[in-house]
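Each chain is listed here by its residues.
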Amino acid sequence: MSTTRPLSPGDRGPESGAAGPDADAAPARHLVRRLSLAGESGVVPLARDFTRQALYEWGWLPAATADRRAAAEDVLLVVSELVTNACLHAEGARELWIGSDGKVLRLEVSDQGTGDPAPRTPHRAGRPGGHGMFIVQRLCLDWGVVRTPGVAGKTVWAELASPV
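Residues numbered from 1 in each chain as written. Predicted model: local features only at pLDDT ≥ 70, side-chain atom pairs only at ≥ 80, totals over all residues. Heavy atoms only, no water.

## Some thoughts on the side chain of serine 162
Definition in use: For helices the rule is a DSSP run of H or I covering at least 4 residues; for strands it is a run of E covering at least 2, with both sets numbered from the N terminus onward. Polar contacts here mean pairs of N or O atoms no more than 3.5 Å apart (in protein, one a potential hydrogen donor and the other a potential acceptor; neighbouring residues in sequence count only if both atoms are side-chain atoms). The contact definition used throughout considers only heavy atoms, calling two residues in contact when any of these lie within 4.5 Å.
Mapped onto the fold, serine 162 is located in the segment after strand 5 (154-161). Only 3.5 Å separates the side chain of serine 162 from the backbone oxygen of glycine 102, close enough to count as a polar contact. Contacts of serine 162, omitting those with residues within four sequence positions, involve Trp60, Ser100, Gly102, Lys103, Val104 and Leu105.

What follows is the structure, encoded as structure tokens:
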């Protein structure tokens, strides 16, 4: 597991491209979407549809090239894996948070679980199941876990490069 850029859940930048007092000085636009998953059924397809809509709104889709299409599909696959892991191993997903600064897209899935996700080692491609965090590790620039003292659960985050 990597935790080289573990921003705390409260340190994610402005919401939905909101401009602060220095908006003219900062060319980077922070785009944010948040989806509550607590108590919902069918959360994996719900999270994928929500993410797909964000990718359309942010110009990732429709993809003009095969590379851009692959980048969008990678994002959707990582969302599926993170939400599935929260459902299978961490008492269910509470929230999906998606943010982009134009260079990096960050995904966060919060849950109630106490354990830490980790790729299964050794990874055996022919074995059913257990590929989720291996896929996340392979597709992402970085990923990790953030815990807030005094708060139950954790947030698993992953970052992918925005397509050029």
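Don't stop here, the text continues.
## Quick look at the sheet that holds strand 2 (residues 93-100)
How we decide: Here, any two strands with at least 2 DSSP bridges between them count as paired. Convention adopted: a line fitted to C-alpha atoms gives each axis, helices being fitted over their contacting stretch, and angles between N-to-C directions are expressed from 0 to 180 degrees.
Here five strands make up an open sheet; going across it, the order is 1-2-3-5-4 and the pairing antiparallel. Each edge of the sheet is formed by a strand with only one pairing partner; in this case those strands are strand 1 (31-36) and strand 4 (142-146). Neighbouring strand axes in the sheet, compared pairwise and without regard to direction, differ in orientation by 15 degrees on average. Two elements, strand 2 and strand 3 (residues 104-111), share seven bridges in a ladder whose sense is antiparallel.

## Re the pattern of salt bridges
Cut-off, in case you're wondering: The salt bridge definition used is simple: a Lys or Arg side-chain nitrogen within 4 Å of an Asp or Glu carboxyl oxygen. Accessible area is worked out with a 1.4 Å probe on protein chains only. A residue is then buried under 20% of its type maximum, exposed over 50%, and partly exposed in between.
If you walk through the whole model with that rule in mind, you get seven salt bridges. One salt bridge connects arginine 106 with glutamate 108, and the closest N-O pair in it is separated by 2.7 Å. Glutamate 108 matches arginine 106 in its accessibility class, with the two residues each being buried.

## Some words on the confidence of the model for the protein
Quick reminder of the rule: What pLDDT expresses is the predictor's confidence in each residue, scored from 0 to 100.
Summing up the model confidence of the protein, the mean pLDDT is 83 and the portion of residues at 70 or higher is 76%. Taken together, the stretch residues 1-27 has pLDDT below 50 and engages in 44 contacts with residues farther than four places along the chain or on a different chain.

## Looking at the nonpolar core
To be explicit about the condition: Nonpolar core, defined: a set of buried Ala, Val, Leu, Ile, Met, Phe, Trp, Tyr and Cys residues in which side-chain atoms within 4.5 Å join the residues together.
Counting residues in each nonpolar core, the largest one holds 35 residues, and the members touching the most others are Leu82, Leu96, Leu105 and Leu107. At the level of secondary structure, the elements contributing two or more residues to this core comprise strand 1, helix 1 (43-57), helix 2 (66-89), strand 2, strand 3, helix 3 (132-139), strand 4 and strand 5.

## Regarding the pairing of strand 3
Along strand 3, seven of the eight residues are buried, which leaves the element largely enclosed by surrounding structure. Here strand 3 runs beside strand 5; their pairing, made up of eight bridges, is antiparallel. By the bridge assignment, leucine 105 is partnered in strand 5 with leucine 160.

## With respect to the packing of helix 1 against helix 2
What counts, and what does not: Any angle that is under 35 degrees is reported as roughly parallel, and any over 145 degrees as roughly antiparallel; angles of 65 to 115 degrees are reported as roughly perpendicular and all others as oblique. Should the near helix be turned anticlockwise from the far one by less than a right angle, the crossing is termed left-handed; should it be turned clockwise, right-handed.
As a packed pair, helix 1 and helix 2 sit with axes 9 Å apart at the nearest point and diverge in direction by 150 degrees. Considering their axes alone, helix 1 and helix 2 lie roughly antiparallel with respect to each other. The element helix 1 and its partner helix 2 pack so that their crossing is right-handed. Between helix 1 and helix 2, the residues in contact are Val43, Val44, Ala47, Arg48, Thr51, Arg52 and Leu55 and Ala72, Glu73, Val75, Leu76, Leu77, Val79, Ser80, Val83, Thr84 and Cys87, respectively.

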